[in-house]
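# Chains, contacts and geometry: an overview
Chain by chain, the residues run as shown.
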Amino acid sequence: MSRIVFLNGSFLPLEEAKVPFMDRGFLFGDGVYEGIGVLDGRLIDNEAHLERLERSLSEVRIPNPYTRAEWTSLQGEIVRRNGMQEGFIYFQVTRGVAERDFFFPENAKPTVAMFTQAKAIVHAPAAEKGIAVVTVPDLRWERRDIKSISLLAQVLAKQAAKEAGAQEAWLVDEGFVTEGGSSSAFIVTPTGSIVVRPLSHAILPGITRKSLLRLSKEGGIALEERRFTVEEAYEAAEAFLTSASNFVLPVVSIDGRPVADGKPGPITRKLRELYLQMASAPALAAE
Ligand SMILES: Cc1ncc(COP(=O)(O)O)c(C=O)c1O
């Protein structure tokens, strides 16, 4: 069965989905996006993702083409049409199609594209073994809180990580880790506190990060929302990342140095377990 995608009001086979040459997403990276994890056919933390989408759209002044109820219904439909059980839904909204000119076009209609990617999240080998990260300079713009489709800096950072034998890049600004190329970055101090950078324009407000903070409070795990340096990360007892497509993943090496004994740590394992429980029983999760 061909993958069914959604484009501008229609569900159609991927091969038939065509975006016009003059789309501003293609020419300028002028658009925003969302990515949401799917488990047992259910979207995880969907309300928070839709809220972030609304905020991203409003910050870049692209009109939101759908109500929250309409978005939810389109998402449910694409999951159903693809028989999707576990993986990821991606969708983006661009400013639309117009002759190339920097100024906002007068009458363009936003382009809406949505697709699914099947992926093992719960039984991912990376979750068992942990992953390696390398640090690279954070070359992005100053509004990283907007989930923009302009991802060139992340593409270059993550490719550099891959070429160094790692699976993720940790981005560094003035000696402090901001976040991962496509994930939120956490360390655990030798005294057992989780450390994560506070929200600001410097990082994306990760939805998995938000749930993780709630779960750590409920689980009685100490939490410090503050910046941390690369050196502090090298000395950490544990490290991990969060994202909608991975949930919680242990980081076992940073710049080729093992984190503690180079194995996923107990606090990371516990948080992954708590997150999986929440994702498997969403009705019980507090919002
Ligand atoms: C730069 C960046 N930070 C953090 C995240 C994690 O955010 P979320 O948990 O909402 O997937 C992502 C996800 O794509 C990201 O691109």
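By convention here, each chain's residues receive numbers from 1 onward along its written sequence. Selection of residues for local features in this predicted model requires a pLDDT of at least 70, selection of side-chain atom pairs for listing and counting requires 80 or more, and totals for whole chains, interfaces and linings are taken over all residues. Hydrogens and water molecules were not included; the side-chain quantities draw on all heavy atoms of the structure.

### Here we look at the environment of Gly31
In plain terms, the rule: Starting at the N terminus, helices and strands are each numbered in turn, a helix being any DSSP run of H or I of at least four residues and a strand any DSSP run of E of at least two. Each residue gets one of three labels from its accessible area relative to the maximum for its type: buried under 20%, exposed over 50%, partly exposed in between, using a 1.4 Å probe on protein chains only. The contact rule is simple, with two residues in contact once any of their heavy atoms fall within 4.5 Å.
Inspection of the secondary structure puts Gly31 in strand S3 (residues 31-39). By relative accessible area, Gly31 is classed as buried at 7%. Apart from the residues within four sequence positions on either side, Gly31 is in contact with Ile62, Val93, Thr94, Lys147, Ser148 and Ile149.

### Here's the deal with the domain arrangement of the protein chain
Interfaces are often sized by the accessible area lost when the parts come together. Our working definition: All the domain ranges listed were derived from an automatic or database domain assignment. By convention, the term buried area covers the 1.4 Å-probe accessible surface removed from two parts as they join, with the contributions of both added. Salt-bridge detection follows one rule: a side-chain nitrogen of Lys or Arg within 4 Å of a carboxyl oxygen of Asp or Glu. Polar contact is defined as a pair of N or O atoms within 3.5 Å, subject to the rule that within protein one atom must be able to donate a hydrogen and the other to accept it, and that residues adjacent in sequence are counted only when both atoms are side-chain atoms. Residue type decides the class: Asp, Glu, Lys and Arg count as charged, Ala, Val, Leu, Ile, Met, Phe, Trp, Tyr, Cys and Pro as nonpolar, and the leftover types, Gly among them, as polar.
Domain annotation of the protein chain identifies domain 1 (4-118) and domain 2 (125-282). Computed from C-alpha atoms alone, the centre-to-centre distance between domain 1 and domain 2 is 26 Å. Taken residue by residue, the interface counts 26 residues in domain 1 and 22 residues in domain 2. When domain 1 packs against domain 2, the two sides together hide about 1900 Å² of surface, and 60% of this comes from carbon and sulfur. Sorting the residues of domain 1 by area buried against domain 2 places Tyr33, Asp45 and Arg52 first, and these three jointly supply 31% of that buried surface. One can count two salt bridges joining domain 1 with domain 2. Residues Glu59 and Arg143 are paired through a salt bridge, measuring 2.9 Å at the closest nitrogen-oxygen approach. In this structure, the connection of domain 1 to domain 2 is made through eleven residue pairs in polar contact (both at pLDDT 80 or more). Of all the secondary-structure elements, those providing two or more residues to the side of domain 1 that touches domain 2 are helix H1 (24-28), S3, helix H2 (46-60) and strand S5 (87-94). Class assignment of the residues belonging to the side of domain 1 that touches domain 2 gives a composition of ten nonpolar, nine polar and seven charged.

### Structural notes on the packing of helix H6 (residues 207-218) against helix H8 (residues 266-280)
For any two helices packed against each other, the geometry comes down to the angle between their axes and how far apart the axes lie. Definition in use: Where helices are involved, their axes are fitted lines through C-alpha atoms of the stretch in contact, as for all axes, and angles between N-to-C directions lie from 0 to 180°. Any angle that falls under 35 degrees is termed roughly parallel, while one over 145 is termed roughly antiparallel, one within 65 to 115 roughly perpendicular, and all others oblique.
At their nearest, the axes of H6 and H8 sit 10 Å apart, and the two run at 105° to each other. The angle between the axes of H6 and H8 places the two elements in the roughly perpendicular class. In contact with Thr208, Ser211, Leu212, Arg214, Leu215 and Ser216 of H6, H8 contributes Leu271, Leu274, Tyr275 and Met278. Looking at the contact of H6 with H8, its residues break down into six nonpolar, three polar and one charged.

### A word on the packing of aromatic side chains
Heads up, the condition is: When the centres of two rings from Phe, Tyr and Trp lie within 6.5 Å, Trp using its six-membered ring, the rings pair. Their planes under 30 degrees apart give stacked, over 60 give edge-to-face, and anything left gives tilted.
Scanning all chains against the criterion turns up eleven aromatic pairs. Consider the rings of Phe28 and Phe102, whose centres lie 5.0 Å apart with planes at 50°: the pair is tilted. On the criterion of sequence distance, the pair formed by Phe28 in helix H1 and Phe102 in the loop between S5 and strand S6 (111-118) is long-range, its members being 74 residues apart. Residue classification places Phe102 among the exposed positions, given a relative accessible area of 59%. Aromatic side chains Tyr90 and Phe115 sit 4.9 Å apart centroid to centroid with 20° between the ring planes, which places their arrangement in the stacked category. One end of the pair, Tyr90, is in strand S5; the other, Phe115, is in strand S6, with 25 residues separating them in the sequence.

### A short note on the site of the ligand
Convention followed: We define proximity as follows: a residue is near a molecule or strand when any one of its heavy atoms falls within 4 Å of that partner. Only the protein chains shown count as cover for residues, and the accessible areas themselves come from Shrake-Rupley with a 1.4 Å probe.
For the ligand, the set of nearby residues contains 18 residues, the closest of which are Arg52, Glu179, Ile207, Thr208 and Ala244. A distance of 2.6 Å separates an oxygen atom of the ligand from a polar side-chain atom of Thr208. Contact with the protein chains removes 93% of the 390 Å² of surface that the ligand exposes when unbound. Looking at the shell around the ligand, the elements with two or more residues in it are H2, strand S9 (176-180), H6 and strand S13 (238-243). When the residues that make up the shell around the ligand are grouped by side-chain class, the tally is four nonpolar, ten polar and four charged.

### Some points on the nonpolar core
Test applied: Joining through side-chain atoms within 4.5 Å is the link that ties buried Ala, Val, Leu, Ile, Met, Phe, Trp, Tyr and Cys residues into a set, and such a set is a nonpolar core.
Trp71, Ile89, Phe91 and Met114 are the most contacted members of the largest nonpolar core, which totals 21 residues. Of all the elements in the fold, those that place two or more residues in this core are S3, H2, helix H3 (68-81), S5 and S6. Beyond its immediate chain neighbours, meaning those up to four positions away, Phe91 contacts Val32, Tyr33, Glu34, Ile36, Leu50, Leu53, Trp71, Gln75, Ala113 and Met114.

### Notes on H3
Put simply, the rule reads: Here a helix's expected span is defined as the number of its residues, less one, multiplied by 1.5 Å. The directions from the helix axis to the C-beta atoms are what the arc is built from.
In this model H3 runs 20 Å from its N-terminal to its C-terminal C-alpha over 14 residues, within 8% of the 20 Å that 1.5 Å per residue would give. By the burial criterion, the buried members of H3 are Trp71, Leu74, Gln75, Ile78 and Val79. What you see down the axis of H3 is that its buried residues fit within an arc of 135°, all on one side. Of the exposed residues in H3, the ones pointing more than 90 degrees away from its buried face are Ala69 and Arg80. Looking at the residues trailing H3, positive phi occurs at Gly83, about 55°.

### Notes on the pairing of strand S14 (residues 247-254)
Which entries qualify depends on this criterion: Two strands qualify as a pair provided that DSSP identifies no fewer than 2 bridges between them.
For S14, the buried fraction is high: eight of the eight residues fall into the buried class. As judged from the five bridges shared by S13 and S14, these two strands associate in the antiparallel manner. In the sheet register, Phe240 faces S14, and the bridge partner there is Pro250. From the end of S13 to the start of S14, which pair antiparallel, there are three residues.

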